[in-house]
Amino acid sequence: MLRLDVNVFDYVILAIYFILVVGIGVMARRAIATSEDFLLSGRSLPAWVTGLAFISANLGAIEILGMAANGAQYGLSTVHFYWIGAVPAMIFLGVVMMPFYYGSRVRSVPEFLLRRFNRETHLFNALSFALAAVLTAGVNLYALALVINALIGWPIWVSVLLSALFVLAYILLGGLSGAIYNEVLQFFVIIAGLIPLVIIGLHEVGGYSGLKEKVSHTALGPNSFDTWGGTNVGHWTNPLGDWIGIVMGLGFVLSFGYWTTNFAEVQRALSAKDLSAAQRTPLIGSFPKIFIPVLTIIPGLIALVLIPNLGKDKNVTYNDAIPLLMNRFLPNGALGIALAGLLAAFMAGMAANVSSFNTVFTYDIWQTYIVKGRRDGYYLKVGRVVTVVGIVIGIGTAFIASGYSNIMNYIQLLFSFFNAPLFATFIIAMFWRRSTPWAGLYGLIAGTLGAGVMHFAGYHIAYFYPGGVFDPTHGKINAQMLNFYGAITAFVADVVVTVVVSLVTKPKPVSELGGLVWGIPDPKAPDPHTVAKPAWWNSPKLLGGTSLGIVIVLSLIFN
């Protein structure tokens, strides 16, 4: 990557930002007295805070660099990751699934599986989630290191270590509250950093119409702004593949699997002060999510037009699109603000994964299987130690992410292995009371193996290559399409095995399923008629319906 043309003014702005980040962690520390305060913010935060933190936790390197890279590599079809691959699932989480999570008072997603299935299912998911969390944290850490490397020219490994120290500081000091309040700050910094980039970039290429005309002369071709064109099964030409992969793989399995079972996101909603606030958390987050493509995909397309050899040179990868545009367009001062936004995004993404990792490891692995029955203060100390361990492991996994020119390809691969099987297990567990404890474990194992088989076998299937022409070097394979089908395979394998095992094993008695299965109320829960309902303008169904309506209108406009 090219060195960014920063000066003292930019560094001052960055220094002020980092002082604010650490300062928030110091202030949040005052409110930490128990392990739940550290790991779940004492379940006391208002909906607007958790809602912005919910979207900011996702607005990390995966979103900023990854979606810009996808925009440059795949065109406007990348909006499917938002309007099909995010918003509907966020609405489902808020309206349908949060009552299960919050009402049962679980502290993590794996704990839900412990209550619904058995210890074996719980342990398998806790270990697989912990692995997924540190692998994903490595993506954000690597992206953060790329920017620091571009700023001051330090080697990537030095930049990785420096980046890790900043994230460690405010999580270790302030726990989840420190992470969440920083994520709220980071949301506004990110927006402030990216909006000028889009405005100046569009002006440079002659507006939106000029961008469409110029992109038509690139390798993406004239159909790069046609989001659904070329998705016919059997002879696809769309950069994301056929409609089965887009709708079922991305829109259903990967999307719902990520947003409804990924504890890095669910944890923000669980920290809300009551069930109404918990339900509104992902719904509030869905509104900015609708419009974030303007700040990510459009810059990727602008970079494709203006940056020579983008994606064709190992020194100028698709991941570099945003930083290179910043260096090209923004004057000093504005560049400092944009860099602060970029760094904020990466820290938010990594903090989300590390804070979820320490919660799952402390509660679901250490407290449940290794050291039981200690006082709460002991687990608070364990949570802080595990935070350091998670950062250290994330440093190692950052170098795995460095091997991918498009980190979104890598992250979708991880989701197909870890989130797709878990979503299948959750859906069956929530709506079919007959599913048995052992079915949960074997379904997860089958789904994970299914994703692995599809991933490696897909490289030898001509259908996943443009025009159906097999490439022995595998360089031309449509990696995103393969990930979509890998997720579908994982989901189907999990469902089949879960159903079969359930039919030949003994289910739990209904008395143990209260509050965990649809239609079986929790006898310990308060009477729904006595719980205060939110004002009509805060109704989860109204918020979700409005968000979904906006998505439908935009999808029709840009079809």
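The model shown is predicted, which means the values in this text are computed figures rather than measured ones.

Novice: Explanation requested: the overall build of the chain in the structure shown.
Specialist: Assigned secondary structure in the chain consists of 21 helices and zero strands. Expressed as a percentage of the 559 residues in the chain, the buried residues total 60%. Look at the contacts in the chain between residues 6 or more apart in sequence, and 81% of them connect residues 24 or more apart. For the chain, the computed accessible surface area is about 20,800 Å², with 69% contributed by carbon and sulfur atoms.

Novice: Where do I start with the packing of aromatic side chains in this structure?
Specialist: By convention here, two paired aromatic rings are described through the distance between centres and the angle between planes. A full pass over the atoms with the stated rule returns 20 aromatic pairs. Every member of this aromatic cluster is reached through a ring pair, and the members are Phe-92, Phe-252, Phe-256, Phe-423 and Phe-491. Its end group placed over the ring of Phe-117, Arg-116 keeps NZ or CZ at 5.2 Å from the ring centre. The lysine or arginine in question, Arg-374, covers the ring of Tyr-378, its NZ or CZ lying 4.6 Å from the ring centre.

Novice: Explanation requested: empty space enclosed by the protein in the structure shown.
Specialist: To find the voids left in a structure, one rolls a probe of water-molecule size over its atoms. As enumerated under the stated definition, the model contains five cavities of 30 Å³ or more in all. Each pocket or cavity is described by its volume, and for the largest cavity that value is around 170 Å³. Lining the largest cavity are 17 residues, with Gly-85, Tyr-258, Trp-259, Gln-412 and Phe-415 sitting closest to its centre. Those elements that provide at least two residues to the lining of the largest cavity are α4 (61-74), α11 (243-261) and α18 (407-431). For the lining of the largest cavity, the per-class residue count stands at 11 nonpolar, four polar and two charged. Residue lining of the second largest cavity: 14 residues in total, with Phe-129, Ala-132, Asn-262, Phe-418 and Asn-419 positioned closest to the centre.

Novice: Explain the layout of surface pockets here, please?
Specialist: As a volume, the second largest pocket reaches approximately 1,000 Å³. Elements represented by at least two residues in the lining of the second largest pocket include exactly α4, α18 and α20 (479-504). Within the lining of the second largest pocket, the residues separate by chemical class into 18 nonpolar, 18 polar and three charged.

Novice: Explain unusual backbone geometry here, please?
Specialist: What is expected of a backbone is that most residues other than glycine have negative phi and most peptide bonds are trans. A positive phi angle, near 60°, is found at Asn-309, a position not held by glycine. Secondary-structure assignment places Asn-309 in the loop between α14 (293-306) and α15 (321-329). Asn-309 gets classed as partly exposed once you look at its relative accessible area, which sits at 49%. Despite not being glycine, His-474 has its phi angle at roughly 65°, a positive value.

Novice: So what exactly am I meant to see when it comes to the nonpolar core here?
Specialist: The biggest cluster of nonpolar side chains holds 139 residues, and the ones touching the most others in it are Tyr-101 and Phe-426. Residue contributions to this core peak at 16 residues, all from α18. Core analysis: the next-biggest nonpolar cluster, separate from the first, contains 10 residues, Phe-129, Ala-130, Ala-133 and Ile-365 among them.

Novice: Would you take a moment to explain the packing of α11 against α20 for this structure?
Specialist: Packed helix pairs are specified by the crossing angle of their axes together with the interaxial distance, meaning the distance between the axes. It is at 8 Å that the axes of α11 and α20 come closest, and there the two elements cross at 60°. When the interaxial angle is binned, α11 and α20 end up oblique. In terms of crossing hand, the pair formed by α11 and α20 is left-handed. Along its contact with α11, which presents Ile-244, Gly-245, Ile-246, Met-248, Gly-249, Leu-250, Phe-252, Val-253 and Leu-254, the element α20 presents Asn-483, Phe-484, Tyr-485, Ala-487, Ile-488 and Phe-491. Per-class residue counts for the contact of α11 with α20 are 12 nonpolar, three polar and no charged.

Novice: Help me understand the pattern of salt bridges in this model?
Specialist: Side-chain pairing between opposite charges can occur once the charged atoms of the two side chains come close. On inspection of all chains with the given rule, the structure shows one salt bridge. Across the salt bridge formed by Arg-115 and Glu-111, the nearest N and O atoms sit 3.1 Å from each other. You can see Arg-115 and its partner Glu-111 sitting in helix α7 (residues 109-116), four residues apart, about one turn around the helix.

Novice: What is the right way to look at the side chain of Ser-435 in this model?
Specialist: In this fold, Ser-435 is placed in the loop between α18 and α19 (437-458). Side chain to side chain, Ser-435 and Arg-116 meet in a polar contact 2.6 Å long. Within the structure, Ser-435 has its side chain in polar contact with the backbone oxygen of Trp-432 (distance 3.0 Å). In this structure, Ser-435 is in contact with Arg-116, Phe-117, Ile-428, Ala-429 and Ser-502, ignoring residues within four places of it in sequence.

Conventions adopted
Within each chain, residue numbers correspond to sequence positions counted from 1 in written order. Totals for whole chains, interfaces and linings use all residues, but because this is a predicted model, local features are given only for residues with pLDDT of at least 70 and pairs of side-chain atoms are given and counted only at 80 or more. Working from all heavy atoms in the structure, the side-chain values ignore hydrogens and water. Helix and strand assignments come from DSSP, with helices taken as H or I runs of at least 4 residues and strands as E runs of at least 2, each series counted from the N terminus. Type-normalised accessible area, obtained with a 1.4 Å probe on protein chains alone, sets the label of each residue: buried when under 20%, exposed when over 50%, and partly exposed for intermediate values. Residue contacts follow a heavy-atom distance rule, with two residues in contact if any of their heavy atoms lie within 4.5 Å. A 1.4 Å probe and the Shrake-Rupley method give the accessible areas. Residues count as covered only by the protein chains that appear here. Any Phe, Tyr or Trp ring, taking Trp's six-membered ring, that has another such ring centre within 6.5 Å forms a pair; planes under 30 degrees apart are called stacked, those over 60 apart edge-to-face, and the others tilted. Two limits define a charge over a ring: the Lys NZ or Arg CZ must be within 6 Å of the ring centre, and within 35 degrees of the ring normal. Here a cavity denotes grid points, spaced 1 Å and computed from the protein atoms alone, that fit a 1.4 Å probe unable to get out, and a pocket denotes an open set having protein on both sides within 12 Å along at least 5 of 7 lines; residues with an atom within 4 Å of a point are the lining. Grid points are joined across faces, edges and corners, and a volume is the space filled by probe spheres set on the points. Gly is put with the polar residues, along with every residue not named as nonpolar or charged; the nonpolar set is Ala, Val, Leu, Ile, Met, Phe, Trp, Tyr, Cys and Pro, and the charged set is Asp, Glu, Lys and Arg. Among buried residues, those of type Ala, Val, Leu, Ile, Met, Phe, Trp, Tyr and Cys that are joined through side-chain atoms within 4.5 Å constitute a nonpolar core. Axis definition: a line fitted to C-alpha atoms, over the contacting stretch in the case of helices. Angles run 0 to 180 degrees between N-to-C directions. Every angle not falling under 35 degrees, over 145, or within 65 to 115 is termed oblique; those three ranges are roughly parallel, roughly antiparallel and roughly perpendicular. Crossings are classed by handedness, with left-handed meaning an anticlockwise turn of the near helix from the far one by less than a right angle and right-handed meaning a clockwise turn. What makes a salt bridge here is a side-chain nitrogen of Lys or Arg within 4 Å of a carboxyl oxygen of Asp or Glu, nothing more. What qualifies as a polar contact is a pair of N or O atoms within 3.5 Å, subject to a donor-acceptor requirement within protein and to the restriction that residues adjacent in sequence count only when both atoms come from side chains.

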